[in-house]
Structures are given as C-alpha cells and as structure tokens.
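Here's the letter readout for the chains.
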Amino acid sequence: MTENRKTAVIGTYMGSAGRVPGADLGARRLKESIAFGGAVRDAGDIIPAVDPGTRKGLRNLDRALDVSCRLRDRAADAFRAGEFVLNVGGDHACALGSIAAACAAFGPEHFGVLYLDAHGDINTPETSPSGNIHGMSLAAALGCGDPELQAVAPVKVRPCNVLFAGTRALDPGEQALVDEERMGVIMAHDIRFFGVEAALERIWKFLWERQIHHLHFSIDIDVVDPGEAPGTGVRVKHGLRAEEFLEIVHAVRGLDILRSADLVEFIPALDRKGRTERLCREVLDAFLA
Ligand SMILES: [Mn+2]
C-alpha cells in the first residue's frame, strides 16, 4: 500500500447475520481502540437501521442488504478521495459492500480479492448448509446466489481473480464453484506444512499471473486456529498459527497494489484471556502504523 496515502476507517457494526451474535460489539471495541489523526481518518460507523428478520428463508437479509449498501457507498466516497479503505466489522456479510465498492472503483479486469478465511463464503441459498448470509457474501460479489444480494455489487468480481488462503472448510457446492471457475486456493494445511514463505510465493505468483493491479484483502479472524483465536463464531480447527497469520498480514499490507481491507468476525464474549482481541489489534496496527 502506497505510503503517505490517507486511510479511511469505517466501523461496520453488524453482528446478526451469522449464527453467533456479538461481532458488532467486537467491531465497536476494535474501532474505539484506534487513535485517529494524521493519515488515519475516522470515516464513520455503519449501524444497522433495519430490524432483524427473515425473508426468503434468509435470516437478516434486509439488514445485510442495508448495511452492505451503506458500507459500499461510504467506501466509494473514500476511494474517490484516493484513500485506502479499512473496514472494521462485524459479520463477514458486510464484506459484500467493501468488495463491491472496490471492484466498482477500480474496474473488474485487474481487480482481485485475497480472502484469508477458514471458509469460502461462496455459498448460495441453494448450496448453503447453514443458510447464513455471511457464508454467501463473496458469492454475491461474484454474481452468484440471491439476486438482491448480487445487486449490491453493480460491477461483479471475476471469480478467477479471487484467491483464498488459510481455507479449510469449503462446502461441496463451494468446492464445485472453485473448480469450475478456477479460483485460487491455498489450504491452511499447505501453509502449515510448507511454511509461510511458500504461501507468499504462491500469492505473489497468483497476483502476477492474473495481472491483479488492485487488491482487496478480506481478513476473517477465524482463519487463525481456535486455540489462538477463540473469539469468533464459526471456529474450525487446524488453522493458522498466530505468527504465521501476522506474517502474511504484514507481507500483504506492504503491497503497493493494496487498495482496501476488511477485518471481521471478532466476538469478545467468546474470547479467552484477550487473545483474539490482541491479535486483531496487531492487524490494525499493521494497517495503521
Ligand atoms: Mn468469513
């Protein structure tokens, strides 16, 4: 990310699209810990304005639509001003808004997404085992799944420009989409086995081959092993070690093609000894230092 560029930090306090509530409180806590000033601008908060409720069998659909549209528009303003956008969530469903804004701002041809998450979040209402919208947000940005969710992203991300890393819980329908669209995947066990250096090599190679000139980096704290980051809602074992995770975050943060990032899914009530919170703050420091 280019030095001297201003960073716009948006707090997205939506915590109700997933299975376990509380990601809104996590987002609030993290954002309140940030020292604003200098090159770090408080670009405001997105607070859900729609009552929770289920429509078309999708829990909190209207709330997710409302929040992601407002985040998208807020992020679009920041991109227009030439700022880097840091979205502090919240439920990962909000990433539909930040990704949609970035893809529209920079155009789909050379725009890519690095998705650091235990999960793929590319389910559709048809393939989702849980019905959780936070498992469908990336699918919608690609132009798959529920039409209303898709409409949040006027410009669709090219699936072949998406690279997953730290992945270890792809549902069968998601795996089919990955194979069909030739999306990139670096599994968590590959990072554990071959090391971070090898994983970074694969990331750089992917960005080079797909000619990505503008990158969005979506970080779900559940990519870290639950032993080291228990404060999140959909824990999957055999995740990254905290130090491996931070090494990847620092390396990617240094890319001059990086335009925006999400940090999502920290749930304080599930944390133990402040471990997850400390880790999240280290991520914020990496972006804001
Ligand atoms: Mn996620």
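Coordinates for the structure precede this section.
Residues numbered from 1 in each chain as written. Predicted model: local features only at pLDDT ≥ 70, side-chain atom pairs only at ≥ 80, totals over all residues. Heavy atoms only, no water.

Visitor: Is there a simple way to think about the overall build of the protein in this case?
Guide: If you tally the helices and strands in the protein, you get 10 helices and 10 strands. In terms of C-alpha radius of gyration, the protein reaches 17 Å, essentially the compact-globule figure of 19 Å for 289 residues. Principal axes of the C-alpha set define a box for the protein whose edges measure 45 × 45 × 40 Å. Split into buried and exposed, the 289 residues of the protein put 61% on the buried side. (Helix = DSSP H or I, 4+ residues; strand = E, 2+ residues; numbered from the N terminus. Rg over C-alpha atoms; globule rule 2.2 N^0.38 Å. Buried < 20%, exposed > 50% of the residue type's maximum accessible area, 1.4 Å probe, protein only.)

Visitor: Looking at this structure, how should I read the coordination of the manganese ion?
Guide: When a metal carries six donors in an octahedron, the ideal angles between them are 90 or 180 degrees, while four donors in a tetrahedron ideally lie at 109.5 degrees. Taken together, His92 (ND1), Asp117 (OD), Asp121 (OD) and Asp220 (OD) make up the protein donors of the manganese ion, found 2.0 to 2.5 Å from the metal. Read in sequence order, the donor residues for the manganese ion give the motif H-x24-D-x3-D-x98-D. One end of the pair, His92, is in the loop between strand S5 (84-89) and helix H3 (95-106); the other, Asp121, is in the loop between strand S6 (111-116) and helix H4 (137-142), and 29 residues separate them in sequence. We note that His92, like Asp121, is buried. (Donors = N, O, S within 2.8 Å, 3.2 Å for Na, K, Ca; no water.)

Visitor: Explanation requested: the packing of helix H2 (residues 61-80) against H3 in the structure shown.
Guide: Running from N to C, H2 and H3 cross one another at 40°; their axes reach a closest spacing of 7 Å. Viewed along their axes, H2 and H3 adopt a mutual orientation that is oblique. By crossing handedness, the relation of H2 to H3 is classed as right-handed. Along its contact with H2, which presents Ser68, Leu71, Arg72, Ala75, Ala76 and Phe79, the element H3 presents Leu96, Gly97, Ser98, Ala100, Ala101, Ala102, Ala105 and Phe106. Its residues placed into classes, the contact of H2 with H3 shows 10 nonpolar, 3 polar and 1 charged. (Axes fitted to C-alpha atoms, helices over the stretch in contact; angles between N-to-C directions. Parallel < 35°, antiparallel > 145°, perpendicular 65-115°, else oblique. Left-handed = near helix turned anticlockwise from the far one by under 90°. Contact = heavy atoms within 4.5 Å. Nonpolar A, V, L, I, M, F, W, Y, C, P; charged D, E, K, R; others polar.)

Visitor: How do you make sense of helix H10 (residues 275-288) when you look at a structure like this?
Guide: Structural remark: α-helix, 3.6 residues per turn; residues separated by three or four positions point the same way. Between its first and last C-alpha, H10 extends 20 Å over 14 residues, near the 20 Å set by a 1.5 Å rise per residue. All of the buried residues along H10 are Thr276, Glu277, Leu279, Cys280, Val283, Leu284, Ala286, Phe287 and Leu288. (Expected span 1.5 Å × (residues − 1).)

Visitor: Any chance you could explain the state of the cysteines here in plain terms?
Guide: Simply put, the disulfide is a covalent bond whose two ends are the sulfur atoms of two cysteines. Applying the stated criterion to the full structure yields 0 disulfides. Free of any disulfide, Cys69 has its nearest neighbouring cysteine sulfur in Cys94, separated by 13 Å. Free of any disulfide, Cys160 has its nearest neighbouring cysteine sulfur in Cys103, separated by 12 Å. Note on Cys160: relative accessible area 27%, which makes it partly exposed. (Disulfide = S-S within 2.5 Å.)

Visitor: Please explain the environment of Leu138 as it appears in this structure.
Guide: Looking at where Leu138 falls in the secondary structure, it is placed in helix H4. With a relative accessible area of 0%, Leu138 lands in the buried category. Sequence separation of Leu138 and Tyr115 is 23 residues, and the distance between their C-alpha atoms is 9.1 Å.

Visitor: What is the right way to look at the pattern of salt bridges in this model?
Guide: Side chains carrying opposite charge are able to pair once their charged atoms draw close together. Using the criterion set out here, one finds 16 salt bridges in the structure. When the shortest N-O distance is used, the salt bridge between Arg29 and Glu277 registers 2.8 Å. Highlighted residues: Arg29 in helix H1 (residues 23-32) and Glu277 in helix H10, separated in sequence by 248 residues. Here Glu244 makes a salt bridge to Arg192, at a shortest N to O gap of 3.1 Å. With Glu244 in helix H9 (residues 242-253) and Arg192 in helix H7 (residues 188-194), this residue pair connects regions lying 52 residues apart in the sequence. Of the residues examined, Glu244 reaches a relative accessible area of 8% and is grouped as buried. With a relative accessible area of 33%, Arg192 lands in the partly exposed category. One network of salt bridges, with partners in common, ties together Arg55, Lys56, Asp62, Asp146 and Glu148. (Salt bridge = Lys/Arg side-chain N within 4 Å of Asp/Glu carboxyl O.)

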